[in-house]
Protein chains: 2
Amino acid sequence: MAEITSQDQFAAAESDMVDAILDGAASLAANEWAPLNRVGDTNPPRWDDTVVTMPPGFREAYRAYVEGGWGTIAAPSAFEGQGLPSTLAFAVAESLGAANLGFSLGPMLTQGAIEAIVKHGSPELQAAYLPKLVTGEWTGTMNLTEPNAGSDVGALRSSATPVGDGSWRVKGNKIFITFGEHDLAENIIHLVLARTPDAPAGTRGISLFLVPKFLPDGSRNDVHCASIEHKLGIHASPTCVMSFGDNEDCRGWLIGPEFGGMRAMFTMMNNARLNVGLQGVQIAERATQQAVAYALERVQSSRASNPEGGPVAIIEHPDVRRMIFRMKAQTQAIRSLVYAAAGELDRAHLGIKGAKQRLDLLTPLAKAHGTDVGCEVASLGVQVHGGMGFIEETGAAQHYRDVRITPIYEGTNGIQAADLVGRKLVGDEGEQMHALIGDVRLETKNAGLLILADQISSLTEILVKASVDDRLAASAPYLTMVSVMTCGWLMERQRTAATELIANGQVSPSFLKAKIATVNWYLAHIVPEATGLAVSVSEGGKGLYDLNTEELSV
Amino acid sequence: MAEITSQDQFAAAESDMVDAILDGAASLAANEWAPLNRVGDTNPPRWDDTVVTMPPGFREAYRAYVEGGWGTIAAPSAFEGQGLPSTLAFAVAESLGAANLGFSLGPMLTQGAIEAIVKHGSPELQAAYLPKLVTGEWTGTMNLTEPNAGSDVGALRSSATPVGDGSWRVKGNKIFITFGEHDLAENIIHLVLARTPDAPAGTRGISLFLVPKFLPDGSRNDVHCASIEHKLGIHASPTCVMSFGDNEDCRGWLIGPEFGGMRAMFTMMNNARLNVGLQGVQIAERATQQAVAYALERVQSSRASNPEGGPVAIIEHPDVRRMIFRMKAQTQAIRSLVYAAAGELDRAHLGIKGAKQRLDLLTPLAKAHGTDVGCEVASLGVQVHGGMGFIEETGAAQHYRDVRITPIYEGTNGIQAADLVGRKLVGDEGEQMHALIGDVRLETKNAGLLILADQISSLTEILVKASVDDRLAASAPYLTMVSVMTCGWLMERQRTAATELIANGQVSPSFLKAKIATVNWYLAHIVPEATGLAVSVSEGGKGLYDLNTEELSV
């Protein structure tokens, strides 16, 4: 952090100010957003003839977000933003998402739209749309997916034809559009991928358009919400089927050059991937806090080591305590990973050498491992609650449902793993990966972590030379191994810092002592566990294609 | 199977008859029960002033079950049963539970009640209650849990006082009572744990009572359903709060001797634990079938190894195929484990030497590992579906919700792990465990499995001598290791059998070829993965108790 805030550009992020922002976000999250988490789950948004009505209380809670300026933190100061580090915006987002994941998706998508318009929009579009998107008076969406174009974005069919006055006529149907319609904001700014006339096939022929719900003259644009989905979780977030140009009169404006859609989309997407990794942290943290509170309060059975001692809080039972340690260790581990990536995002903005490359490498790890672990921790949270965990009123089950989307959206975790072993590994023949391994080896003194680093080093050599099929078949366990190595390294750093602070007589040692115990547990349990995946990685795709369709179906 | 059916007692289980029974069960499951799975999920039972109305169609589907005699398979022939092996009853239950898990809980609990009355009930109770429980005209329940007596059964407060005519007056409140009330059957027979006057504290003072909803004279007994729970899954199963003796007139009869409640309960419970392990298989199988069908049908993107080849079914993509192989391998592995235990149950009934001991050892493995894997496979099923997996209409999400109760009920998986390292391991100083390891070592030729067996052998020595806390802290990863070793061994056996059948010119080799590929994958991936847990087991509870309450909460 010091490296980032010492730069002129982020000079405003002084320590006192950071504290004030984090306290304010925590207060908004705890007092306004968290009480609506179950409200949103049990009273999901209602759709009625293109209009979507949000759950009770959401308009007021969103107004508090806008009035507090919570969307403006990392946005450029030229457009009503505060120009503060992304790392700080992530910390604020962590509080809000932990309080109410479904609700937080609206602001998250808006940030992605802002980012794309800042990087690729014309000065006119920036002036017309950025200020109100930054304040949150308007919200943004990302329109990629079509029924037959999910992970394969290049297959999309939505079209855009030039009108002649600089605008385009957009036509098509999009699905899974988060916050595509709602009643929280005055306007909704859709960023829509579409194909222009005579565009080349596949991803090379895709362009990005800005399509506002209300046009600059105040009239209603021809874009409508055709229905909303009934989902496993994040009920508070309206997931919309969007219809563009049903009456042949949907107007849009190009963002970036024609055929520059994929590049602009990746601007939104990379940021969104880190944000989704952060959602893993959000739910893991909330599930952990709730499980700890329950395990400290719920009294059941004597300790097996002291049968006559009378009933104790269940956190005293070794296996429950193991689950709590696992939840805490895994949560802190993915937090370290996601914030390390966010730090590289800020360092890259500052032009610091190597930051962009490290960010590119960490992004699929943060997204996939952050969300895999988020799911695991939420499930452990249900387990710690016993039978009560299965009762919806307890809330543990909602975390388990809500978090399950995170390994799927913004590129499935399979796509992340493919990105890791493809673009990020073969792309530079393992150079960045070996640099990461080198950093770990240089710093760690932990034997288990060194074993894991050695395994990954050998496997990296194997994967760089492997066939495409073998590499992809190995990608998921390889991603887990690399993620755990990175988390272990970052956790060990935190332990070193905590130990030094205690040695220097830090006044509140509870947090530091807990940090040291949690890191110890992570290094002793999670790191060795990951070494068990090495055989699976080197095995690759062996045997996977021995079965034909009929044999796969029996 | 041959060993079991060659015995006089099970002579009726001839090969043709077994085939006919399995075909009939598959037909009932596919045609009557499966179509109601989503109906039950979206129209859960309704409670209105002590009356519970089941979802539409359930009365008819239950009648088909009763009329087909599907509940009678393994019940004693003296009481309307067919006296067939439990293994066969398990196979029937697998079909029905895969079709509709929530619905299948009613029959499952009824089987437990039958078992307890057969083993511990007086001839009068047996004559009065068994015939209609066996046919399914009446259903049974198991009433253990109270608000402050969950895993700690000994803490229960329900009471029973003698009336003087051989009956008892029962009073108390029970929670989480599966099928405690419903409109499928003429009568509901509650098996209720309660405390008699002057009973000793804890589990030693507990007795088991039979409490019918309708008394032998046809009058309504003073037992009522006070409410039903709103749960994460298995919505079709009414989970009831039961009130006994609100009007001081609830009659019950002792099953077994006074203070013999725990023993009688364990009769029900051990059988129920295997059945819950089987539920892991049920959901894993259904989720796998659905995921395979989707992955074969859904077309998206070219193969990375053939970018110009055009879009393919997603099962052609290496990482999706890896997930499908994992689902299939894990499902088949837990099936082998649960059925091995069911086989020991039959062998124990026949008095075959060593069967009871092996059954006792396998029971916590089957329950805990079967359900852990069931959850993992259901989650992979959601992932294979991508965004569609998160949409409730697809059905994948329901499996993910339904299966999540299985690691919790009938003794949490933590309780199973404690049972494994306590009663089952220290109880005989590791003798049975070493016998199991010996069987694996004797038979396997797989290097990875031998490594795992060696690890478990050493860890068993450590755990037998470890402190209670260390042993319990290590119990969960140890249980996983032992389970994977056992599954690997059983899977390898299946591969040997399949290879021999192919060599002998078996006519339908698709199943056999798929079996061999799946076993290969299990041994190459899942077995090495489990070796990564060894450090965690030997680490035990180190550091777990270094933190106090305040430090745990930060």
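Only a predicted model underlies this, so the values are computations on that prediction, with no experimental measurement involved. (Residues numbered from 1 in each chain as written. Chains lettered and ligands numbered in written order. Predicted model: local features only at pLDDT ≥ 70, side-chain atom pairs only at ≥ 80, totals over all residues. Heavy atoms only, no water.)

**Thoughts on the relation of the copies chain A and chain B**
With an RMSD of 0.0 Å, chain A superimposes on chain B once it is rotated by 180 degrees and translated 0.0 Å along the axis. Those values place the two copies in the arrangement expected of a two-fold rotation axis. When each C-alpha of chain A is compared by its distance to the rotation axis, G532 of chain A comes out closest, at 2.0 Å. When the interface residues of chain A are mapped onto chain B, 100% of them again lie at the interface, so the same face is used by both copies. (Least-squares fit on C-alpha atoms with pLDDT ≥ 70 in both. Contact = heavy atoms within 4.5 Å.)

**Let's talk about the packing of helix 10 (residues 355–384) of chain A against helix 16 (residues 475–503) of chain A**
Residue and element names in this part refer to chain A. Between helix 10 and helix 16, the least distance of the axes is 10 Å, while the angle of their chain directions is 105 degrees. What the angle tells us is that helix 10 and helix 16 run roughly perpendicular. Note on element contacts: helix 16 touches helix 10 through L479, T480, V482, S483, V484, T486, C487 and W489, opposite R358, L362, P364, L365, A368 and H369. (Axes fitted to C-alpha atoms, helices over the stretch in contact; angles between N-to-C directions. Helix = DSSP H or I, 4+ residues; strand = E, 2+ residues; numbered from the N terminus. Parallel < 35°, antiparallel > 145°, perpendicular 65-115°, else oblique.)

**Some words on the UniProt feature "domain: Acetyl-CoA dehydrogenase-like C-terminal" (unreviewed entry) in chain A**
The UniProt record annotates "domain: Acetyl-CoA dehydrogenase-like C-terminal" (unreviewed entry) at residues 441–547 of chain A. Within the segment residues 441–547 of chain A, helix and strand shares are 80% and 0% respectively, and the terminal C-alpha atoms sit 41 Å apart. (UniProt positions renumbered as here; feature names shortened; annotations may be inferred.)

**Quick notes on the pairing of strand 6 (residues 187–195) of chain B**
All names here are of chain B. For strand 6, a buried count of nine out of nine residues is recorded, marking the element as mostly surrounded by other parts of the structure. Taking every second residue as pointing to the same face, both faces of strand 6 are buried, with N187, I189, L191, L193 and R195 on one and I188, H190, V192 and A194 on the other. Summarising the sheet, strand 3 (residues 138–143) and strand 6 pair through six bridges and their orientation is parallel. Across the sheet, the residue bridging to N143 is V192, located in strand 6. Sheet analysis places strand 6 next to strand 7 (residues 206–212), joined by seven bridges and oriented antiparallel. For V192, the partnering residue across the bridge sits in strand 7 and is F209. (Buried < 20%, exposed > 50% of the residue type's maximum accessible area, 1.4 Å probe, protein only. Pairing = 2+ DSSP bridges.)

**Looking at the pairing of strand 5 (residues 168–178) of chain A**
Across a regular strand the side chains alternate sides, sitting on one face of the sheet and then on the other. Residue and element names in this part refer to chain A. Taken together, the four bridges between strand 4 (residues 159–162) and strand 5 define a ladder with antiparallel strand orientation. Within strand 5, the position partnered with T161 by the bridge is R169. Linking strand 4 to strand 5, which pair antiparallel, is a turn of five residues; within it G164 sits at a positive phi near 115 degrees. Alignment of strand 5 against strand 9 (residues 239–244), held across five bridges, turns out to be antiparallel. The residue bridging N173 from the neighbouring strand is S243, located in strand 9.

**Description of the nonpolar core**
Ranked by size, the top nonpolar core spans 147 residues in total, and within it L191 of chain A together with L191 of chain B carry the most contacts. Excluding residues within four positions of it along the chain, L191 of chain A makes contact with A113, A116, I117, T141, M142, N143, L208, F209, L210, I255 and M268 of chain A. (Core = buried A, V, L, I, M, F, W, Y, C linked by side-chain atoms within 4.5 Å.)

**A word on the environment of V338 of chain B**
Residue and element names in this part refer to chain B. As for its placement among the helices and strands, V338 is situated in helix 9 (residues 318–349). The class of V338 is buried, set by a relative accessible area of 0%. Between the C-alpha atom of V338 and that of K132, which follows or precedes it by 206 residues, the distance is 28 Å. In contact with V338, not counting residues within four places along its chain, are F90, L274, G277, L278, V281 and A366.

**Some details on the environment of A75 of chain A**
All names here are of chain A. With respect to the helices and strands, the residue A75 is situated in the loop between helix 4 (58–67) and helix 5 (86–99). Relative accessible area serves as the criterion here: at 3%, A75 is assigned to the buried category. Linking A75 and F209, residues 134 residues apart in sequence, is a C-alpha distance of 21 Å. Residues in contact with A75, not counting those within four places in the same chain, are G81, Q82, G83 and V134.

**Description of the pattern of salt bridges**
Side chains bearing opposite charge may pair, as long as their charged atoms lie close to each other. In the structure shown here, the tally under the stated rule is 54 salt bridges over all chains. Taking the shortest distance from any N to any O, the salt bridge between E461 of chain A and K465 of chain A comes out at 3.9 Å. Taken as a pair, E461 of chain A and K465 of chain A lie in helix 14 (residues 447–465) at a separation of four residues, close to a single helical turn. In this structure E461 of chain A comes out as partly exposed when scored by relative accessible area, which is 35%. One salt bridge connects R303 of chain B with E316 of chain B, and the closest N-O pair in it is separated by 3.6 Å. Linking R303 of chain B in the loop between helix 8 (261–297) and helix 9 with E316 of chain B in the loop between helix 8 and helix 9, this pair joins segments that are 13 residues apart in sequence. Take E316 of chain B: its relative accessible area is 22%, and that puts it in the partly exposed class. Among the charged side chains, a network of salt bridges with common partners joins R303, E316 and R321 of chain A together with D469 of chain B. (Salt bridge = Lys/Arg side-chain N within 4 Å of Asp/Glu carboxyl O.)

**Brief notes about the packing of aromatic side chains**
Throughout the structure, instances matching the rule amount to 15 aromatic pairs over all chains. Aromatic side chains Y400 of chain A and Y400 of chain B sit 4.2 Å apart centroid to centroid with 5 degrees between the ring planes, which places their arrangement in the stacked category. Of this pair, Y400 of chain A sits in helix 11 (residues 396–402) while Y400 of chain B sits in helix 11 (residues 396–402), which puts the two residues in different chains. When the ring centre of Y400 of chain B is taken as reference, the NZ or CZ atom of R404 of chain A above it lies at 5.8 Å. Lying over the aromatic face of F214 of chain B, R220 of chain B brings its terminal NZ or CZ to 5.7 Å of the ring centre. (Phe/Tyr/Trp six-rings, centres within 6.5 Å; stacked < 30°, edge-to-face > 60°. Lys NZ or Arg CZ within 6 Å of the ring centre and 35° of its normal.)

**Notes on the interface of chain A and chain B**
Between chain A and chain B, the residue contacts involve 86 residues of the former and 86 residues of the latter. For the chain A and chain B pair, buried surface summed over both sides reaches about 7700 Å², with 62% attributable to carbon and sulfur atoms. When the area that chain A buries against chain B is broken down by residue, the three leading residues are F390, Y400 and L552 of chain A, summing to 10%. At the junction of chain A with chain B, the criterion picks out four salt bridges. At the boundary of chain A and chain B, one finds 47 residue pairs in polar contact (both at pLDDT 80 or more). The dominant element in the side of chain A that touches chain B, judged by the number of residues it contributes, is helix 17 (residues 509–531) of chain A, at 10 residues. (Buried area = accessible area lost by both parts, 1.4 Å probe. Polar contact = N/O pair within 3.5 Å; in protein donor to acceptor, adjacent residues only side chain to side chain.)

**Some words on the side chain of R404 of chain B**
For R404 of chain B, the location among the structural elements is in the loop between helix 11 and helix 12 (413–421). For the buried residue R404 of chain B, which engages in no salt bridge, the nearest side chain bearing the opposite charge is D372 of chain B, 6.9 Å off. A polar side-chain atom of R404 of chain B sits 2.6 Å from the main-chain carbonyl oxygen of S379 of chain A. Those residues in contact with R404 of chain B that lie beyond four places of it in its chain are S379, V382, Q383, F390 and Y400 of chain A together with L232 and C375 of chain B. (Lys, Arg positive; Asp, Glu negative; His and termini not counted.)

**Description of helix 17 (residues 509–531) of chain B**
Residue and element names in this part refer to chain B. The first and last C-alpha atoms of helix 17 sit 33 Å apart over 23 residues, in line with the 33 Å expected at 1.5 Å per residue. At Y522, helix 17 shows its strongest bend, of approximately 30 degrees. Within helix 17, 17 of the 23 residues are buried, which leaves the element mostly enclosed by the surrounding structure. (Expected span 1.5 Å × (residues − 1). Bend = angle between axes of the 7 residues up to and from the residue.)

**Describing unusual backbone geometry**
Residues other than glycine predominantly adopt negative phi, and peptide bonds predominantly adopt the trans conformation. Residue and element names in this part refer to chain B. Despite not being glycine, F176 shows a phi value in the positive range, around 60 degrees. Positionally, F176 belongs in strand 5 (residues 168–178). The backbone of E410 shows a phi angle near 60 degrees, a positive value even though the residue is not glycine. The residue E410 is located in the loop between helix 11 and helix 12 in this model.

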